[in-house]
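# Descriptive analysis of the structure
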Amino acid sequence: MIGLALTSALCCALALACGSAAAQAPETTAAMIARDIRVAETQYGQLLERLRRQPGFPRSLAKGEIVTVGPLDWTSGFFPGTLWYLYEATGQARWRSAATRYTADTAPAKFDKSQHDLGFMLGSGYGNGLRLTGDPSYRDAMLAGATTLLTRFDPKVGSIQSWDLWPGSGWAYPVIIDNMMNLELLMWAARASGEARYREVAIAHADTTLQHHFRPDGSSFHLVDYDPRTGAVRARVTVQGKADASAWARGQAWGLYGFTMMYRETGKDAYLHQAQKIAAFYMRHPRLPADKVPYWDFDDPAIPAAPRDAAAAAIASAALLELARHSDATLAPGYRVFAEQTLRSLSSPAYLAAPGTNGGFLLMHATGHKPAGTEIDVPLNYADYYFLEALLRLRASLPAAAP
Ligand code: GLY
């Protein structure tokens with residue numbers, strides 16, 4: 001039902017836009033990006049105001065209330081990261097000062113050995129802060145986090161363990177496709193410190209993922225469980241997808257982003273080819289809706305009455321804009337056009353919150369963990385983060401004089 005309602009909403013929005021097309025020229029890409037950034041400023045200004053009465057990092061919205069989390073939640077870095085992107089987009093000191101404050105609050109993550117998500121938690125806040133300000137204390141925090149992350153690597157498996165063993169899970173060494181995203185922190189640490197061990201672990205993890213996580217059609221399993229005594233695969237299953245054999249949309253987006261990033265960092269052709277294979281699977285999927293915002297899982301039998309995942313769409317857009325930079329002329333234009341079409345959908349009233357609504361978040365209609373019955377068809381902080389990242393990448397790709 002959510003899927004149908006969303007399709008109707010987007011059709012109405014497009015019909016309105018078409019109805020006035022004779023009188024009004026279509027919005028240029030630069031104008032769309034500028035409008036999105038204005039909306040983001042309004043929304044995040046309101047979100048910051050609401051947070052004066054509520055500690056923590058905003059993650060989502062439930063029953064009209066902002067859900068906040070602590071610094072050790074895997075999403076903690078996305079709020080400061082979005083504030084950094086707003087600073088980058090506007091140059092305004094108020095975003096820098098808010099970003100600085102919330103980045104500092106993620107500090108406990110750098111010593112957290114209990115999870116693999118340190119790349120998300122530290123890279124989004126500290127990483128962007130370092131890039132935009134050069135603050136040396138941010139470099140120290142990132143290096144500390146990267147060193148912590150190494151403790152979860154087992155050379156026998158050749159992977160970083162994603163999750164600790166939940167009681168009753170039956171797993172021995174679970175690794176999820178999302179984990180590719182944390183390798184950016186390690187690749188940065190190798191460059192910043194001059195120590196090869198960070199890079200070696202990142203490449204070993206990517207190679208192991210390449211070998212065991214993918215199906216012949218380019219889609220990926222969510223979780224591969226390894227035997228830590230031998231490195232052999234014990235099982236390929238899902239936790240956040242519809243079924244073990246299904247294609248969970250955000251997992252495909254994480255893989256696309258992760259292998260594109262690892263190609264940028266290493267120049268290894270195998271990573272570029274894998275990213276292009278994932279892109280082909282995702283972009284040509286027969287159940288990808290016309291607006292290019294995927295259902296939460298490409299194989300949910302409830303499609304088209306299944307929820308969308310605007311977060312997957314935002315992550316894939318950011319990834320494709322980068323993949324276009326590394327691909328030849330036979331592929332690059334298609335990636336750029338697809339990413340821009342997706343961002344136009346996300347910038348429409350079907351997904352972009354009207355100012356003053358959506359609890360202060362930017363995008364509507366993301367899905368966090370459908371099998372657990374949580375965060376279904378809601379705003380999510382990482383949807384906003386990757387949406388802004390993709391918009392800034394798109395802006396950077398425009399000719400300087402674009403109107
Ligand atoms: N674990 C990251 C995600 O839900 O996509």
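Let me begin by describing the structure that accompanies this report. The structure presented is a predicted model; accordingly, all values stated were derived computationally and were not measured.

## So, the overall build of the protein chain
Within the protein chain, the regular secondary structure consists of 13 helices and 7 strands. Relative to the compact-globule value of 22 Å for 403 residues, the protein chain shows a C-alpha radius of gyration of 20 Å, a close match. The principal-axis extent of the C-alpha atoms belonging to the protein chain is close to 65 × 45 × 45 Å. Counting only residues that meet the buried cut, the protein chain has 58% of its 403 residues in that class. Within the protein chain, contacts between residues at least 6 apart in sequence are counted, and of these 66% link residues at least 24 apart. Each charge sign in the protein chain was given a centre, from 38 positive and 37 negative side chains, and these centres are 1 Å apart.

## Digging into the packing of helix H12 (residues 332-346) against helix H13 (residues 381-397)
The interhelical angle for the contact between H12 and H13, taken along N-to-C directions, is 130 degrees, at an axis separation of 11 Å. Classified by the angle their axes make, H12 and H13 are oblique. Of the two possible hands of crossing, H12 and H13 adopt the one that is left-handed. Contacts between H12 and H13 involve Glu340, Leu343 and Leu346 on the former and, on the latter, Phe387, Ala390, Leu391 and Leu394. Among the residues forming the contact of H12 with H13, the class breakdown is 6 nonpolar, no polar and 1 charged.

## A short note on the packing of aromatic side chains
Within the structure shown, the criterion is met by 27 aromatic pairs. Between Tyr44 and Phe79, the ring centres sit 5.8 Å apart and the planes meet at 25 degrees, which makes this aromatic pair stacked. Of the two residues, Tyr44 is situated in helix H2 (residues 29-51) and Phe79 in helix H3 (residues 78-90); the sequence distance between them amounts to 35 residues. Like Tyr44, the residue Phe79 is buried in the burial classification.

## Some thoughts on the site of the ligand
Around the ligand lies a shell formed by Trp74, Asp178, Gln240, Trp248, Arg250 and Trp254. The separation between a nitrogen atom of the ligand and a polar side-chain atom of Asp178 is 2.9 Å. The fraction of the free accessible surface of the ligand (200 Å²) that becomes covered by protein chains is 94%. Across the shell around the ligand, the residue classes break down as 3 nonpolar, 1 polar and 2 charged.

## Focus: the environment of Asp227
Residue placement: Asp227 occurs in the loop between strand E6 (223-226) and strand E7 (233-237). Here Asp227 falls in the buried class, since its relative accessible area comes to 11%. Distance in space between the C-alpha atoms of Asp227 and Phe111 is 26 Å, their sequence separation being 116 residues. Not counting the four nearest positions on each side in its chain, Asp227 is found in contact with Val157, Ala232 and Arg234.

## Some details on the nonpolar core
Ranked by size, the top nonpolar core spans 121 residues in total, and within it Leu186, Met262, Leu346 and Tyr386 carry the most contacts. For this core, the element with the most residues is helix H11 (residues 310-326), which contributes 13 residues. Contacts of Met262, omitting those with residues within four sequence positions, involve Met180, Leu183, Met187, Ala202, Ile203, Ala206, Gly267 and Tyr271. With 6 residues, the next largest nonpolar core counts Trp163, Ile176, Leu223 and Val237 among its residues.

## Notes on the pairing of strand E2 (residues 65-69)
Judged from the 5 bridges that link them, strand E1 (residues 57-62) and E2 form a sheet pairing that is antiparallel. In the strand pairing of E2, Phe57 is matched with Val69. Following E1, the chain reverses through 2 residues before pairing antiparallel with E2; Lys63 in that reversal takes a positive phi of roughly 50 degrees.

Definitions and limits used
- Think of each chain on its own: its residues are numbered from 1, step by step along the sequence as written.
- Given that the model is predicted, a residue must reach a pLDDT of at least 70 before its local features are reported, and side-chain atom pairs must reach 80 or more before they are shown or counted; all residues, however, enter totals for whole chains, interfaces and linings.
- Only hydrogens and water are set aside when side-chain values are computed; all heavy atoms of the structure are taken into account.
- Counting from the N terminus, the helices are the DSSP runs of H or I reaching at least four residues and the strands are the DSSP runs of E reaching at least two.
- Atoms counted for the radius of gyration: C-alpha only. Globule rule: 2.2 Å times residue count to the power 0.38.
- The rule is simple: take the accessible area with a 1.4 Å probe, protein chains only, and divide by the maximum for that residue type; under 20% is buried, over 50% is exposed, in between is partly exposed.
- Between two residues, a contact is recorded if the distance between any of their heavy atoms is within 4.5 Å.
- Here Asp and Glu are counted as negative and Lys and Arg as positive; His is not counted, and neither are the chain ends.
- All charge positions are set by atom: Lys at NZ, Arg at CZ, Asp at CG, Glu at CD.
- Fitted lines through C-alpha atoms give the axes, limited to the stretch in contact for helices. The angle between two N-to-C directions lies from 0 to 180 degrees.
- Angular relationships are summarised with four words: roughly parallel below 35 degrees, roughly antiparallel beyond 145, roughly perpendicular across 65 to 115, and oblique for the angles in between.
- Each crossing gets its handedness from the near helix: less than a right angle anticlockwise from the far helix is left-handed, clockwise is right-handed.
- Amino acid classes used here: Ala, Val, Leu, Ile, Met, Phe, Trp, Tyr, Cys and Pro are nonpolar; Asp, Glu, Lys and Arg are charged; the rest, including Gly, are polar.
- Note on ring pairs: Phe, Tyr and Trp rings are taken, using the six-membered ring of Trp, and paired if centres are within 6.5 Å. Classes follow the plane angle, with under 30 degrees stacked, over 60 edge-to-face and the rest tilted.
- The cutoff for a nearby residue is simple: one of its non-hydrogen atoms must lie within 4 Å of the molecule or strand.
- Within 3.5 Å is the distance limit for a polar contact, defined as a pair of N or O atoms, with the added protein rule that one can donate a hydrogen and the other accept it, and that residues adjacent in sequence qualify only through two side-chain atoms.
- Values of accessible area rely on a 1.4 Å probe in the Shrake-Rupley scheme; residue burial ignores everything except the protein chains shown.
- Here, the term nonpolar core denotes a set of buried Ala, Val, Leu, Ile, Met, Phe, Trp, Tyr and Cys residues that are joined through side-chain atoms within 4.5 Å.
- A pair of strands is treated as paired once DSSP finds two or more bridges between them.

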